[in-house]
Amino acid sequence: MRAGVYSIPAGVPFVDALARGLMDEAAGDALALSRMAVLLPTRRACRALRDAFLRLGGGRPMLLPRLLPLGEMDDEDLMFGPEPAGAEVLALPPAVPPLRRQLMLARLVRALGPARGGRAPGIDQAAQLAAELARLLDQVQTEGLDLARLKDLVPAQYAEHWQTTLRFLEIVTEAWPRVLDEEGWIDPAVRRNVLLRAQAEAWRKAPPSAPVIAAGSTGSIPATAALIEVVAGLPRGLVVLPGLDAGMDPDSWEALEPQHPQFGLKRLLERLGRRRAEVRPWPGAPPPPARARLLAEALRPAATTDSWRDLDLPGADAALDGLTLVEAANPREEAGAIAVMLRGALERPGASAALVTPDRALARRVAAEMRRWGVEVDDSGGRPLAVTPPGVFLRLTAEMVAEEFAPHPLLAALKHPLAAGGLEAPAFRRRVRRLERAVLRGPRPPPGIAGLRAGLGAGHSLSGWLAGLAEDAAELAALMARPAAPLAALARAHVAFAEALAADDRHQGPERLWHGDDGEAAARFVADLLEAAPVLEEVPGRAYPALLETLMAGAVVRPTWGGHPRLHIWGPLEARLQHADRLVLGGLNEGTWPPEAAADPWMSRPMRRDFGLPAPERRIGLAAHDFVQLACASEVVLTRALKAEGSPTVPSRWLLRLEAVLTAAGLDKGRLRAPWQAWFAGLDRPDAIRPHGPPAPCPPVAARPRALSATQIETWMRDPYAVYARHVLGLRALEAIDADPGAADYGTIVHAALEAFFRDHPRRLPPDAAARLLASGRAAFAEVMDRPGVWAFWWPRFRRIAAWVAAHEAEAGADVAERFCEAWGELAIDAPGGPFSLKAKADRIDRLVDGTLAVIDYKTGAPPTAKEVKAGFAPQLPLEAAIARAGGFRGIPAAPVARLRYWRLSGGEPAGKETSAGDDADALAADALANLAALVAVFDRPETPYEARPRPDKAPRFSDYEHLARVKEWAAGAEEGE
């Protein structure tokens, strides 16, 4: 095989063709292969080539070439030539670890503000800025540019804020090089460039006698391209390009733009000083498949797309063979259809399949869907450490302590699967649930473990357990309470607390917390953090959780083993030079694949161009090259979701161009359809759908309630199922966790204030009634007045209510002899199932000067109308009147009821309003009592069901039992006529 530049066409398994050609070159010489050196883009590509040799050799032992990863080359990977090159490499400082570099840059960012008379950003903000600066350093150093040239980019046409940006970038232009020198580190990109240049110089001075092959790289890194240039000039040097389009017309070749898949190869050939016609086909490689021509046409440069007017694609039908398009309704359907495709590949003996996507959420969905068949698929792109169980646990435990054990962060941490606190997991969960019900639901308890114990009360069985939790967290809580604490001390205390909380009755905390791939990655992150923490010295204690989350964002977990041997999930970078029998290219929407050309936070496009950085579209060109290489395989499925998070998506530009070419060529896009979505939908579709109507339970009469309050009677009439759920099943709605006082709480507080005021003044009101009512209000609001929503919204309303009540009573209270507040009453009713007790707690009953009674109900919301009361659907006031007539209220003798009144106390405009429930109170009371007796008699029949909302038009506005009664399920069916 002659030295020179070769190409393996797109669609041809690259590593297999490469291995076959090298084995043919060895011609059976067992040592010939071992003398070769093969440079590949990544370590994964090296493993893929090794596996290809194994396949082609039938599994027999052989000596392989030396496989070197261009993008990840280490000192030991280099084959040194003359001594000076080796000495240069050996003298290189080590590369600064990523986490340490981020903290070092964060320290410089925080120091810059005060140095210029400003304020230092928060430590988490500084860490985020440091990550962006690290990316800028990598870009600049990868391109081999000099940061000192940044100060020259200040011509008049640039925006004025560039001067400010330039001053900020003094961190990387001036301070950062000094810091690296002082600490003995070097940036990773600089070190890689030095290694590659040293290898290039060594080979230039002393060309190796054995073949050197640079294969699969497009030379996107300048130092890599320089090494490839040296290889191309070696006497036995070979360069093997991936997917060079030898058939592209000259006009299109000259018009290539950075976003085109061939742009990188064109630039590399220009650097090598070779014309495209000089590139030879790799020996033994088959010709490009028909689909390669189709995709080349679809992705041709915009300047030459006028040729689509007279498009002639011979063999285009064959190009569509094995190509499928799936346009799913949403990401879940896309993931499910892909899972079916992967699972289907396993039905073919020995067949392999892979999903390739840059969408990590889609990759995780597919991996989760595969578990329905018990198949584990490794995602080589990795998972963010922050979303793994150990990563989440570390974040939650830090937030819990920083928030002083507030209800939500406390429950989030204690309900995590890793939390056990030294107990058996079920026993620990039971304690957490007891704690939740006892003190965490409703208004927030006082801060800290001490506040929780005070809320529980003295002698509570959970108090000792909480004391143990406080002891475990004491060191971390003390450090977080300090204005500034050493980061290393915070991290150590945090790890100690997390390990203590993770321990159960059989395993120590470290055994559970650092177990498996996720745990090992978390342990490595913590070790790196502890090693780098002294860089920052002290940070604000409360800022530690935010800093931890920021630093953890860059950590990724990659599986080491355990995945299925024939199924894979790859990112586009990991998929380069890989091969599978069925390839699924997922997430083909604009912004995902290709990615958006993100704006540079430091430099505008003209500034990047003038400085020498590549255009953002260069990334799109690399992604396009990956797409074409993969899409030319024999069996390919292209997938996308039509909607994401409820919003329509835009198809990838490559799909739109492919559709345009198919239309121009007169080909039917429908040929690309396949039934994968329908098959996925069928997995969970039942054989038959048998809708059920509203629940209508019929408990035994003995289990039915024999006593209800007047307010529950109204619920009974409007929604019997709610009475069944509460009084037969004994179900009660829990209060919200860490609840702010809402409308219901506000009503309770207003009732308490009015009760206290009128109990102190049952007969004549004092001249300063409004002031005294406000004093009662302050006492009632005292426990919640520190909440912003209360003093800003509810308290001003109560002030207006107090003024209205005082004015109303001064005008209309002259005929009131005595006021009774929050009066309890009861009345027995004969019924077929036995005596039934009607109970009530009246907001207020007035004994008038003529001996009659007035029953008043306070409403902070809208009161019932007189029409509803007369129809019987708002029986509370009439039933209270019936009890009052019979003398059922304690301390209130029986008397006729003359008035039924509602006070609407909204606090708005007007602040209050009195309305009548009806003109004839006695008649309303008698009718309500008769209706109740009839209702009790009906429900004393065993066959009478407690239906869910028998009268939907009269259903209550709110119900705690809607979900239990499946109201939305059957109500929707009823509306559709089912």
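Refer to the preceding data block for the structure.
Residues numbered from 1 in each chain as written. Predicted model: local features only at pLDDT ≥ 70, side-chain atom pairs only at ≥ 80, totals over all residues. Heavy atoms only, no water.

*Asks:* Please explain the overall build of the protein as it appears in this structure.
*Replies:* A count of helical and extended segments in the protein gives 38 helices and 23 strands. A compact globule built from 978 residues would reach a C-alpha radius of gyration of about 30 Å, whereas the protein, at 38 Å, exceeds it by more than 25%. For the protein, the spread of C-alpha atoms along the three principal axes comes to 120 × 65 × 65 Å. Looking at the 978 residues of the protein, the share that counts as buried comes to 50%. Restricting the contact set of the protein to residue pairs at least 6 apart, pairs at least 24 apart contribute 76%. (Helix = DSSP H or I, 4+ residues; strand = E, 2+ residues; numbered from the N terminus. Rg over C-alpha atoms; globule rule 2.2 N^0.38 Å. Buried < 20%, exposed > 50% of the residue type's maximum accessible area, 1.4 Å probe, protein only. Contact = heavy atoms within 4.5 Å.)

*Asks:* Can you help me understand unusual backbone geometry in this one?
*Replies:* In most cases, non-glycine residues show a negative phi, while peptide bonds are predominantly trans. Going from Trp593 to Pro594, the amide bond is cis rather than trans, its omega being 10 degrees. Mapped onto the secondary structure, Pro594 falls in the loop between strand S14 (582–585) and helix H26 (605–611). Here the amide bond leading from Glu909 into Pro910 is cis, since omega sits at 0 degrees, within 30 degrees of zero. Structurally, Pro910 can be placed in the loop between strand S22 (897–905) and strand S23 (912–916). Phi at Glu537 takes a positive value of approximately 60 degrees, unusual for a residue other than glycine. Counting through the fold element by element, Glu537 comes out in the loop between helix H23 (516–532) and strand S11 (538–539).

*Asks:* Honestly, a nonpolar patch on the surface in this entry has me stumped. Any pointers?
*Replies:* Where nonpolar side chains cluster on the molecular surface, the patch consists of Leu729, Leu731 and Leu964 and spans about 220 Å² of accessible area. Here Leu731 is to be found in the loop between helix H31 (720–728) and helix H32 (743–760). (Patch = residues over 30% accessible without salt bridge, like charges linked within 9 Å, V, L, I, M, F, W, Y side chains within 5 Å. Areas by Shrake-Rupley, 256 points an atom, 1.4 Å probe, with all protein chains shown as cover. Salt bridge = Lys/Arg side-chain N within 4 Å of Asp/Glu carboxyl O.)

*Asks:* Looking at this structure, I do not really get the pattern of salt bridges. What am I missing?
*Replies:* A side chain of one charge can pair with a side chain of the opposite charge if their charged atoms are brought near each other. Under the criterion given, the structure shown has 54 salt bridges. The shortest N-O distance in the salt bridge between Arg50 and Asp51 comes to 3.6 Å. On the basis of relative accessible area, Asp51 is assigned to the partly exposed category, the value being 32%. A salt bridge links Asp940 to Arg706; the nearest nitrogen and oxygen atoms lie 2.6 Å apart. With Asp940 in the loop between helix H37 (921–939) and helix H38 (967–975) and Arg706 in the loop between helix H29 (676–684) and strand S18 (707–709), the pair connects residues that are 234 residues apart, well separated along the chain. Among the charged side chains, a network of salt bridges with common partners joins Arg332, Glu369, Arg372 and Asp684.

*Asks:* Explain the environment of Arg365 here, please?
*Replies:* Inspection of the secondary structure assignment puts Arg365 in helix H15 (residues 360–370). Overall, the relative accessible area of 39% leaves Arg365 in the partly exposed class. Sequence separation between Arg365 and Glu334 is 31 residues; the distance between their C-alpha atoms is 9.2 Å. Once residues within four sequence positions are removed from consideration, Arg365 is found in contact with Pro331, Arg332 and Ala335.

*Asks:* In this structure, what is going on with the sheet that holds strand S15 (residues 636–641)? I would like to understand it.
*Replies:* Through backbone hydrogen bonds, the strands of a sheet pair up, either in parallel or in antiparallel fashion. Read from one edge to the other, the open sheet built from five strands follows the order S7-S15-S14-S8-S13, with strand pairing classed as parallel. With one partner strand each, in any of the chains shown, strand S7 (323–328) and strand S13 (567–570) form the two edges of the open sheet. Averaged over neighbouring strand pairs, the angle between their axes works out to 15 degrees when direction is ignored. Sheet topology places S7 next to S15; six bridges connect them, and they run parallel. Within the sheet, the bridge partner assigned to Leu325 lies in S15 and is Leu638. Lying over the sheet, H29 contacts S7 and S14, oriented at roughly 50 degrees with respect to S7. (Pairing = 2+ DSSP bridges. Axes fitted to C-alpha atoms, helices over the stretch in contact; angles between N-to-C directions.)

*Asks:* What exactly am I supposed to notice about helix H34 (residues 788–812) here?
*Replies:* The periodicity of an α-helix, 3.6 residues per turn, causes residues three or four places apart in sequence to face the same way. Along its 25 residues, H34 runs 35 Å from first to last C-alpha, staying within 8% of the 36 Å computed at 1.5 Å per residue. The principal kink in H34, of about 35 degrees, is found at Trp794, preceding the proline Pro796 by one to four residues. For H34, the complete set of buried residues consists of Val790, Trp794, Trp795, Phe798, Ile801, Ala802, Trp804, Val805, Ala806, His808 and Glu809. (Expected span 1.5 Å × (residues − 1). Bend = angle between axes of the 7 residues up to and from the residue.)

*Asks:* Help me understand empty space enclosed by the protein in this model?
*Replies:* Scanning the model with the defined rule gives one cavity of 30 Å³ or more in all. Its volume calculated, the largest cavity comes out at about 40 Å³. Lining the largest cavity, in full, are Leu394, Ala491, His494, Val495, Phe525, Val526, Leu529, Tyr544 and Leu548. The residue inventory of the lining of the largest cavity, partitioned by class, reads eight nonpolar, one polar and no charged. (1 Å grid on protein atoms, 1.4 Å probe; cavity = no way out; pocket = protein on both sides within 12 Å on 5 of 7 lines; lining within 4 Å. Points joined across faces, edges and corners; volume = space filled by probe spheres on them. Nonpolar A, V, L, I, M, F, W, Y, C, P; charged D, E, K, R; others polar.)

*Asks:* So what exactly am I meant to see when it comes to the pairing of S15 here?
*Replies:* Looking along a regular strand, one sees side chains alternate from face to face of the sheet. For S15, the tally of buried residues reaches six of six residues, placing the bulk of the element in the interior. With three bridges joining them, S14 and S15 adopt parallel strand pairing. Paired with Leu585 across the strands is Leu638, a residue of S15.

*Asks:* What is the right way to look at the nonpolar core in this model?
*Replies:* When a protein is soluble and globular, its nonpolar side chains tend to lie buried together. In terms of nonpolar packing, the biggest core is built from 103 residues, with Leu105, Phe525 and Met603 touching the most fellow members. Ranked by residue count, the leading element in this core is helix H21 (residues 487–502), at eleven residues. (Core = buried A, V, L, I, M, F, W, Y, C linked by side-chain atoms within 4.5 Å.)

*Asks:* Got a minute to help me understand the packing of aromatic side chains in this structure?
*Replies:* Describing an aromatic ring pair means giving the distance of the ring centres and the angle of the ring planes. Under the counting rule described, the total for this entry stands at 21 aromatic pairs. When the ring of Phe168 is compared with that of Trp602, the centres are 5.5 Å apart and the planes differ by 10 degrees; the resulting orientation is stacked. Of the two residues, Phe168 sits in helix H6 (residues 161–168) while Trp602 sits in the loop between S14 and H26, which places them 434 residues apart along the sequence. A relative accessible area of 17% means that Phe168 is categorised as buried. Relative accessible area serves as the criterion here: at 11%, Trp602 is assigned to the buried category. Each residue in the set Trp716, Tyr721, Tyr724, Phe836, Phe939 and Tyr946 is aromatic and connected to the rest through ring pairs, giving one cluster. Geometry around Trp253 places Arg276 over its ring, the cationic atom sitting 4.4 Å from the centre. (Phe/Tyr/Trp six-rings, centres within 6.5 Å; stacked < 30°, edge-to-face > 60°. Lys NZ or Arg CZ within 6 Å of the ring centre and 35° of its normal.)

*Asks:* Help me understand the pairing of S22, please; the structure alone is not making it clear to me.
*Replies:* Both strand S21 (residues 853–859) and S22 contribute to a ladder of seven bridges, which runs parallel. The residue of S22 that forms the bridge with Leu853 is Val897. Sheet topology places S22 next to S23; five bridges connect them, and they run antiparallel. Paired with Arg901 across the strands is Ser916, a residue of S23. Hairpin connection of S22 to S23: six residues between the antiparallel strands, including Gly907 at a positive phi of 80 degrees.

*Asks:* In this structure, what is going on with the packing of helix H16 (residues 389–402) against H21? I would like to understand it.
*Replies:* Packed helix pairs are specified by the crossing angle of their axes together with the interaxial distance, meaning the distance between the axes. Two elements in contact, H16 and H21, have axes whose closest approach is 10 Å; the angle formed by their N-to-C orientations is 110 degrees. The angle between the axes of H16 and H21 places the two elements in the roughly perpendicular class. Where H16 approaches H21, its residues Phe393, Leu394, Thr397, Ala398, Met400 and Val401 are matched on the opposing element by His494, Phe497, Ala498, Leu501 and Ala502. Class assignment of the residues belonging to the contact of H16 with H21 gives a composition of nine nonpolar, two polar and no charged. (Parallel < 35°, antiparallel > 145°, perpendicular 65-115°, else oblique.)

*Asks:* Looking at this model, I keep getting lost on the environment of Ser463. Mind explaining?
*Replies:* Among the secondary structure elements, Ser463 is positioned in helix H20 (residues 463–480). Residues Ser463 and Ile449, 14 residues apart in the sequence, show an inter-C-alpha distance of 9.4 Å. Filtering out sequence-adjacent residues up to four positions away, Ser463 remains in contact with Arg453 and Leu456.

*Asks:* Before we go on, may I ask you to explain a positive patch on the surface in this structure?
*Replies:* A cluster of basic side chains, namely Arg430, Arg431, Arg433, Arg434 and Arg437, defines a positive patch on the protein surface. The residue Arg433 is located in helix H18 (residues 425–440) in this model. (Lys, Arg positive; Asp, Glu negative; His and termini not counted. Charge placed at Lys NZ, Arg CZ, Asp CG, Glu CD.)

*Asks:* It is not clear to me how the sheet that holds strand S6 (residues 280–281) should be interpreted in this structure. Could you clarify?
*Replies:* What the six strands build is an open sheet, ordered S3-S2-S4-S5-S1-S6; its pairing is parallel. Since the sheet does not close on itself, it has two edges, and those belong to strand S3 (66–69) and S6, each with one partner. One ladder, built from two bridges, connects strand S1 (residues 4–8) with S6; its direction is parallel. From the neighbouring strand, Ser7 faces S6, where its bridge partner is Pro281. Sheet strands touched by helix H9 (residues 222–232): strand S2 (37–40), strand S4 (212–215) and strand S5 (237–242). Its angle to S5, the strand with the most contacts, is close to 130 degrees. The sheet strands contacting helix H11 (residues 263–272) are S1 and S5, and the helix crosses S5 at an angle near 160 degrees.

*Asks:* Teacher, can you tell me more about the side chain of His416 here?
*Replies:* With respect to the helices and strands, the residue His416 is situated in the loop between helix H17 (407–414) and H18. Take His416: its relative accessible area is 8%, and that puts it in the buried class. Setting aside anything within four residues of it in sequence, one finds His416 in contact with Pro389, Val392, Phe393, Leu396 and Arg429.

Purely spatial values, then, with no claim about function.
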